[in-house]
Each structure stands twice: as C-alpha cells, then as structure tokens.
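Here is how the chains run, residue by residue.
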Amino acid sequence: MADPNVSNPSHKAVTVFPSRRRKGRWARRLLWFASGLGASLLLAAGAGLLWLHAAAKASLPVLDGDLHVAGLSAPVMVRRDAHGVPHVDAATQDDLFIAQGYVTAQDRLWQMDIFRRNANGELAEILGPSLVKHDRAQRVLEFRNTARRVYANLPAGERAYLDDYARGVNLYIRQHEDSLPPEFKLLHYHPQPWSGADSLSIGMMMIQTLDTHWDVKLARDRIAADLRNPKLEADLYPVGSWRDHPPTGVLLDLSQPHPEPPPSSDDEDDDRTQTLALPPQAPKAHEDLSALHALLGLPACAGCTPGSNNWVISGQHTASGKPLLSNDMHLAFSEPGIWFMADLRAPGFHAAGVTLPGMPFVVAGHNEHVAWGFTALYGDVQDLYVEKLDGKGNYFQAGDGTSPGAWKPLAVDHEVIHVRGGRDVTVDVQSTVHGPLLNPLFTRETRPIALKWTIYDTTLNALPLYPMNAASNWGEFSAALGQWCWPTQNVVYADDQGHIAYHAVGRIPLRPGGLAGVPIKDSAHEWQGYIPFDSLPSAVDPPSGFLATANSRVTTEQSPYQLSLDWADPYRAQRIYKALQGRDQLKPQDMIAVQTDVYSEVDQEMAHRFAYAIDHAAKPDDRLRAAADLMRSWDGRLTTDSAAASLVTQTRKALWPLILQPRLGKDAQDYVWSESNFAEEEIVMHADPEWLPPGFASWDDLLTEAVRRGMDAGKAPADVNRWTYGSWHVIDIEHPLAEFLPLVGRIAGTGRQPMSGDTTTVKQVGRDFGPSQRFTMDWSNIDGSTENIVLGESSNPLSPYFRDQWGDWYGGTTFALPFTPTAVRAQTRHTLRLLP
C-alpha cells in the first residue's frame, strides 16, 4: 500500500539531511553554550579569587597600635623589623611567653593547627577519608599520648611556660573568631583550643622526623634475605668511612689520605654478627616500603635524609678574634616554612633565633652570652622486635636470666579517628613490653613486629629548651644538654668569653648484645639503660680551634660506645673541613659562602670515572664521546648552567638499578641507606667483580651503559652541551593544601625554580628539601649576626612578609637580625603594644 504521506510514491525513498541553515543554528547554539559555560567558570574562578583575597586581607594581623590581651600583668611591646620579625619585650617571663603564643598565632595559626593535627593523627577530621591511613599510623606510634605523658611529668616551671604560650594562642583565637586565616574558612572548621600538651605534640613531630630509622631496618631485613651474602650486604650498608671527620678538635692533615674506619670493638663485633646474620628464611610478605615512607612523611628523594650542617670557629682563626658559629638545618620545604624567627626579651631571659610554630622558646640561635646550633646525630634509638602471639590476646615475654619467660596480655589502647564525610574509624593499638605492634601500618608484612623507642620510656620526660635559652656559660649550657632526651643531636656552642664546644645529646640505649640493623628475633638484644651523657662524643676549646658536624660519623676508635650503624654520607663534613680548617682571618661572609657551596668531590670523581669508561668502551657513539668530554673537564660544581652536572647525577641515578636489580629484583627499589652515595662510590671505584651484572664484560661497559640510560631517562637533548642542570633539577615549594585545592597551590607556592647543588654538596638540596634556615653568630658584633629562613615570617600571601626572604635564601645571601634594644629600635618598622 502506498504511503499517504508520500506525494509521489513512484519516487525512490531518499535520506533527508538537516539543512545547512539548521546546522549553522545548532553550531551557534553550541558556541553560545560553550562560551556561556566558559564565562561562568571564569566568573566562578574570579569570585573565588575575590573571596580568597577578601578572607586573606581580613586575617592580616594588626602590627601597630594597641591591643588588649587578657592575662598579661603589664604591657608588652612587639616591635617588628624590616623582615617582620617580632622583637617581644615583656616585664615578666610569663607575659613574654603569653605574647610569644599570641604573636606566633598572628602569622602562623593554621600552620600550628595542621602541625598539631599531623602529629596527633587528626587530619582526617578536616581533610576526609584519604588521611585515615596517616592518622592510623600516628595513633599507632603513640605521639599524642606520649606528648600528654611528657607534659604531665615536666617540672612545674616549664609546664607553666607551656601553659602561658597556650594562653596567648587561645586569646588570639577568641579575638579573631571572624577573621581567622583563610585555610580555616576554605575547609569550614574552627581550631580547637591550644594546650601545653599540643606544643609537645609538635615537638614529637620533629622527633619523628629526625629519629625515625626503623623503616630502614625493615627494608634491610628483606634485602639481606635476598643477598644471602654477608660481604655484599656490608658493601651496601657501610658503617662510617675513610672520609669521615669526627668532631674531636684534633688538627688534621687534610692533604693526606685518611685511614679506613677503626676496627670494631667487641660490642661492634657482636653488632656486626647481629646485623649481618642471615635470617633462616626471607620474610613471608614483602612490605611496600615506598608506601610506608609516604605514610610516615619521610623524604622521597635519594639522599634527602633529614640532616644539617653546623660548625664553630675559635677567635684564633677569625678576623675579629671572637668566635663564629654557623648552622643550617636541612628539612622538608613547605609553605610557610617550618621556622618562625623571633627575639624574646624579659628580665632574666633574652634569646633570639628560630622558633617552632606551636612551641615556646627559641630552638636554635643565641642569647646575650651563648650561641648554639644543631645537626641530627642519627643515634640509634629504635629497635624492631619480632614477637610471639598466641592469637588470644597474649604475647610471650622472654625471661631475663633470673626468671623464666611467660605469656603476658597485650596492652590495648582504644583510639577513635574522626573522619570528615565518613564514619569514625576505631583503632586498637596493641603493645608488648617493647612497644606498639606496627602491623596496622603494614599492608603485606604478617610477622607481629613491635617498635621499641626511647620516647616510650616513661622515665624520660625532658626537652630542656628553656634552660638552654637562659644559660650564660658552658657549665650551665652543658648541664641543660645533659637533660636532653630526644631527638639525638649534635650541638655546637660558642660564647662571649671566647669558648667553643661540641657535644652529642640524647638518650641512646646501652645494648650489651650490640646494635641491630634488622628486626630482632632473640632475647639477647634487650636494652640495659642509656649511655651516660659524659660518655657521648664531646670537645671543649680544642687545639684546632674548629669543630664541625654534618650528620656523618662522630665516633672514633677511642669512643667507648657505638651510637649508630646508619651514619650520613661523609662528603658535606669533609668539604666543610677542607674549606675552613686551617684558615685564618675568617669573617661572616666566609660562612655563607660555605653554607651555599655546591662543589661535590664524589660527583667530580665519578664524572672522571664515567669519562674513562667511555674512553675504553667498545664503539661509543659521538653523543657518548661528547658526554665524556664534558665530564672529564668538569670542575665538580653543580651549578644550574652545568651540563656535566646533569650527566653525572643522572648517570648515578641510572647506575643503582643496573647494579642492584640483578641481585634484588623489585626489592632494589627498597634499598635505603644514609651512606648510599659512599656505598656506590666504593663499589664503582673498586670495580668489584662480584657486583658486575651478567651481560657486561667489564665495568667500563657497565658504566658506559649507565651514562646512556641516564641520558635517555633524563630526556637529554641531542646536543648534550645544552642539557643544563637547572632545566630539570628544580625546587618547588608547595602549600600543604595544594593537593586538595590547586588554586591555593598556585597562589602560595614558588613554582618550579632552577636549583644548584645536590644531596652530597654542603648546600644539600632536593626538589622539596634543603636548608630550612641559615644562621651565623658573630661574637664580635652581636647585632651583625645573621639569620634567614626560606620564605618569610607570614603565612598570608597578602602580607609583605610572606615571601620577602626568598630572594636572600635563593640567591645565597643573608641579613642581620638585630638583637640589642638600641639596634632593634633603630630597625623597627611596626610597633604593637599588648595591654592587660
């Protein structure tokens, strides 16, 4: 039947297309829609920026005029200098620390809160489910409970100062309910009241950063099981080196080769037996160490272990005849930086330097009579124990020689993690006599492993910053150091009477069975008290007139106790000694030159070896020959315009997998050791045939292949002369919220900036790691002493003090921090009175 709707049924059916006019109309509609959507997004982004700008502007602190602060007994003067550093002058010490809490909160309140939450395991409460794993780890590690215990056991006077500081923070919060930092508004939450225990939680955060090494012991356990070769294991895990310069103060002839490290003592022999003993079988489950490092917030780059440089020079070697002391502490970068500079003055107390936001007192700096600086000691204060459980809530506690072992109930601490946008998470932290079982942190490890750590010792409850700040001579200062429990540190000292000194500090366990580099499976490695303070390495007014540390080995053959197996690479300390020891007429500008030094002896040595390998390799191409020419003529300075620096660092990065993967497989990625650069140097320079991988006829062939792979992995241009170090080796400092709110990251971060140096230079740097401050004390001119941090005092992008120090830090310059009342008044830019 014909279709009545078809006018001419004899015509063939045809496909009907929209007319060009209809197509154009739809295209215009789509264009208008896309334009409208784009405009809406731009308007929304613009509105967001305007809102953020308004919130930031509203939260800017009052820097001039009068503010009433309840709880003060008398007015407090807060003068800010050209860099916004507060110089706080109070009538009493209680008022001083109230004011310190208030003023620090003006510039760093959100950072203080995020530090507290990070330490206590309370980030998921504001940032959601993605932070539950982090919070679980912090609860298992017991930082919040430990901080509360230490606070409750402090001397009453020190606890009172913590309470004063907390009072100042809380007064600021109450006065600024409607003008808190914009991060609080972005995340829609309000800070909880501050407490003295919260300040100690932030101290625990630093202890975690500086004293965590148990993850290395877990990784070594697996690698030792893979190798099953004590000699190869010893190659990967050297304990000290021939390049070390322990701070004995003995004048060294640096032109002569150094001897090998001293032979082990009896204790060290016991230790080596433990650390090199092969387990009967490999751990059944291989823990994901990279995920564990991320969970614990440990540096991701190779060689970026928390460290520092410090040194002190007596007046016999300075132009002024007075001591010079320098310190730069190497930590992870963040926006804002970890330190807040301050000058604190009240009757009986006057100290200046860097403070830790959330804690009272000065951490590193000087007062009217003494100056001090820190580096991490790397003392071994943690052990892992493989426990025996019966599956019924009990563990087996071994006997102590006087009594038999017995089953004991596990202690259980019930923790609740509040989760934004999710249900609360309950964590039962189980502990043995050694400490908490770490298994809730693991994803694959099935052995019950407990962590013993000095922070869990209930008899240790001292962090003596106040008596250090108030000391007037070495006797008082060393007495304060004798109370120091954690973290383990190297402290250098200089005073206005011309004395210089060094002392290692921190409670380090006595281990009759020796130090253990892997989890302990026996009862022969229990702790027996702590190494006496007077037996730790020290030197006072040494003959050389020079002392320096940079995290490498500080013990000698005369040392009565071994402190660590895991010392840092020796290159920074060696370079400092070569640059300064034996020189006279030294001035402060010589100190900043060493702090920013980017020469690497080991990189230069390896560059020459790589060039030699290419020269002797079979049929190297023109690109490899050009690379060899660059490396053989290189001066060893890792400057941003250097192509040779790119070649040697990328080659070294490519070399480790070539060496390790044939023996370790995927476990090669878990190899971590603070002396890994030295281990690589020794393996390469000795050309050990045991480490030569299958498929390579010689070390020259292997090293040539490493150069080729390094260039490929680093995307080197065809002309390697154009492969500048700064084109890829960068620093990029981000705001903590950048991952969650990219807009905040773009506003607050530095972006990618070319960076000189590497992890073996005195200027030790990585992408987000490096010198967190630079300090030089000049006892001939106390007001000429210099201090600067990375970015600035303020965390507010609209503040003139948000990033005003970045140019000095990045450019390798510095500035003076005024100290005497006359100098402070002369450099005052803002004056705020805090009134009762």
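Our structure's up above, just so we're on the same page.
Residues numbered from 1 in each chain as written. Predicted model: local features only at pLDDT ≥ 70, side-chain atom pairs only at ≥ 80, totals over all residues. Heavy atoms only, no water.

S.K.: A description of the overall build of the protein should follow, citing residues and the corresponding values.
M.R.: Looking only at helices and strands, the protein features 24 helices and 25 strands. Residues classed as buried in the protein amount to 58% of the 836 residues present. The long-range fraction of contacts in the protein, counting pairs at least 24 apart against all pairs at least 6 apart in sequence, stands at 73%. Summing over all exposed atoms, the protein offers an accessible surface of approximately 33300 Å²; the carbon and sulfur share of this is 54%. (Helix = DSSP H or I, 4+ residues; strand = E, 2+ residues; numbered from the N terminus. Buried < 20%, exposed > 50% of the residue type's maximum accessible area, 1.4 Å probe, protein only. Contact = heavy atoms within 4.5 Å. Areas by Shrake-Rupley, 256 points an atom, 1.4 Å probe, with all protein chains shown as cover.)

S.K.: Quick rundown of helix H9 (residues 214–227)? Include the residues and the values.
M.R.: With 14 residues, H9 extends 20 Å between its outermost C-alpha atoms, agreeing within 8% with the 20 Å of an ideal straight helix rising 1.5 Å per residue. Within H9, 13 of the 14 residues are buried, which leaves it mostly tucked inside the rest of the structure. Downstream of H9 by a residue or two, Arg-228 has a phi angle that is positive, lying close to 45 degrees. (Expected span 1.5 Å × (residues − 1).)

S.K.: Outline the side chain of Thr-454, supporting the account with residue identities and numerical values.
M.R.: Structurally, the position occupied by Thr-454 is in the loop between strand S15 (449–453) and helix H13 (465–470). Apart from the residues within four sequence positions on either side, Thr-454 is in contact with Val-381, Leu-460, Trp-486, Arg-507, Pro-509, Trp-527 and Tyr-530.

S.K.: Explain the environment of Pro-836 residue by residue, including any values.
M.R.: With respect to the secondary-structure elements, Pro-836 resides in the segment after strand S25 (830–835). Owing to a relative accessible area of 47%, Pro-836 belongs among the partly exposed residues under this scheme. When the C-alpha positions of Pro-836 and Ser-73 are compared, they lie 6.1 Å apart, and in sequence the two are 763 residues distant.

S.K.: I'd like a description of the sheet that holds S25, backed by residues and values.
M.R.: On the basis of which strands lie adjacent, the open sheet formed by 11 strands has the order S1-S25-S2-S3-S6-S7-S8-S9-S16-S17-S18 and mixed pairing. This sheet does not close on itself; its edge strands, each paired only once, are strand S1 (65–68) and strand S18 (538–540). Going across the sheet, the axis of each strand differs from the next one's by a mean of 20 degrees, ignoring polarity. By the bridge criterion, seven bridges tie strand S9 (residues 370–376) to strand S16 (residues 489–495) in an arrangement that is antiparallel. What sits directly across from Trp-372, in S16, is Tyr-493. Along the sheet, helix H14 (residues 474–481) contacts S9, S16, strand S17 (500–505) and S18; its crossing angle with S16, the most-contacted strand, is approximately 165 degrees. (Pairing = 2+ DSSP bridges. Axes fitted to C-alpha atoms, helices over the stretch in contact; angles between N-to-C directions.)

S.K.: Can you explain the pattern of salt bridges? Please cite residues and give values.
M.R.: On inspection of all chains with the given rule, the structure shows 39 salt bridges. One salt bridge in this structure joins Arg-833 and Asp-66, with 2.9 Å as the shortest N-O distance. With a gap of 767 residues between them, Arg-833 in strand S25 and Asp-66 in strand S1 connect regions that are remote in the sequence. For Asp-66, a relative accessible area of 43% puts it in the partly exposed group. Across the salt bridge formed by Arg-345 and Asp-89, the nearest N and O atoms sit 2.8 Å from each other. Remark: Asp-89 occurs in strand S3 (residues 86–89) and Arg-345 occurs in strand S6 (residues 340–346); sequence separation between them is 256 residues. Overall, the relative accessible area of 29% leaves Arg-345 in the partly exposed class. Each of Asp-113, Arg-116, Arg-117, Glu-125 and Asp-198 takes part in salt bridges that share partners, so that together they form one network. (Salt bridge = Lys/Arg side-chain N within 4 Å of Asp/Glu carboxyl O.)

S.K.: Quick rundown of the packing of aromatic side chains? Include the residues and the values.
M.R.: What the rule picks out here adds up to 26 aromatic pairs. Seen from their ring centres, Phe-546 and Tyr-577 are 5.0 Å apart, and the 85 degrees between their planes marks the pair as edge-to-face. Residue Phe-546 is located in strand S19 (residues 546–549), and its partner Tyr-577 is located in helix H15 (residues 571–580); the two are separated by 31 residues in the primary sequence. As far as burial versus exposure is concerned, Phe-546 and Tyr-577 are alike and both buried. In this structure an aromatic cluster arises from ring pairing among Phe-97, Tyr-161, Phe-349, Phe-361 and Tyr-466. Over the face of the ring belonging to Tyr-237 we find Arg-220, whose NZ or CZ atom lies 4.3 Å from the ring centre. Looking at Arg-220, its charged tip hangs above the ring of Trp-673, at a distance of 5.5 Å from the centre. (Phe/Tyr/Trp six-rings, centres within 6.5 Å; stacked < 30°, edge-to-face > 60°. Lys NZ or Arg CZ within 6 Å of the ring centre and 35° of its normal.)

S.K.: Which residues make up the packing of helix H17 (residues 601–615) against helix H20 (residues 676–686), and what are the values?
M.R.: Working note: a packed helix pair is described by the angle between its axes plus the distance between those axes. In contact at an axis separation of 11 Å, H17 and H20 are set at 30 degrees when each is read in the N-to-C sense. Classed by the angle they form, the pair H17 and H20 counts as roughly parallel. The handedness of the crossing between H17 and H20 is left-handed. For the pair H17 and H20, the contacting residues are Val-602, Glu-605, Met-606 and Arg-609 in the first and Glu-680, Glu-681, Val-684 and Met-685 in the second. (Parallel < 35°, antiparallel > 145°, perpendicular 65-115°, else oblique. Left-handed = near helix turned anticlockwise from the far one by under 90°.)

S.K.: Please give an account of the environment of Tyr-165 that cites residues and values.
M.R.: Summarising the element assignment, Tyr-165 is placed in helix H6 (residues 156–175). On the basis of relative accessible area, Tyr-165 is assigned to the buried category, the value being 0%. When the C-alpha positions of Tyr-165 and Phe-361 are compared, they lie 9.4 Å apart, and in sequence the two are 196 residues distant.

S.K.: Tell me about the nonpolar core, and please be specific about residues and values.
M.R.: Trp-214, Trp-339, Phe-477 and Leu-834 are the most contacted members of the largest nonpolar core, which totals 154 residues. Sort the elements by how many residues they give to this core and helix H2 (residues 93–120) lands first, with 13 residues. Not counting the four nearest positions on each side in its chain, Phe-477 is found in contact with Val-370, Trp-372, Met-468, Ala-471, Val-491 and Tyr-493. Among the nonpolar cores identified, the runner-up in size contains 52 residues, and Ala-627, Trp-699, Leu-703 and Met-711 belong to it. (Core = buried A, V, L, I, M, F, W, Y, C linked by side-chain atoms within 4.5 Å.)

S.K.: Please give an account of unusual backbone geometry that cites residues and values.
M.R.: Looking along the chain, the bond that leaves Glu-335 and enters Pro-336 is cis, with omega of -5 degrees. Relative to the helices and strands, Pro-336 resides in the loop between strand S5 (324–332) and S6. Following Trp-486, the chain continues into Pro-487 via a peptide bond in cis, with omega recorded as -5 degrees. Looking at where Pro-487 falls in the secondary structure, it is placed in the loop between H14 and S16. Despite not being glycine, His-188 has its phi angle at roughly 55 degrees, a positive value. Its place among the elements puts His-188 in the loop between helix H7 (182–186) and helix H8 (196–211).

These values are about where atoms sit, not about what they do.
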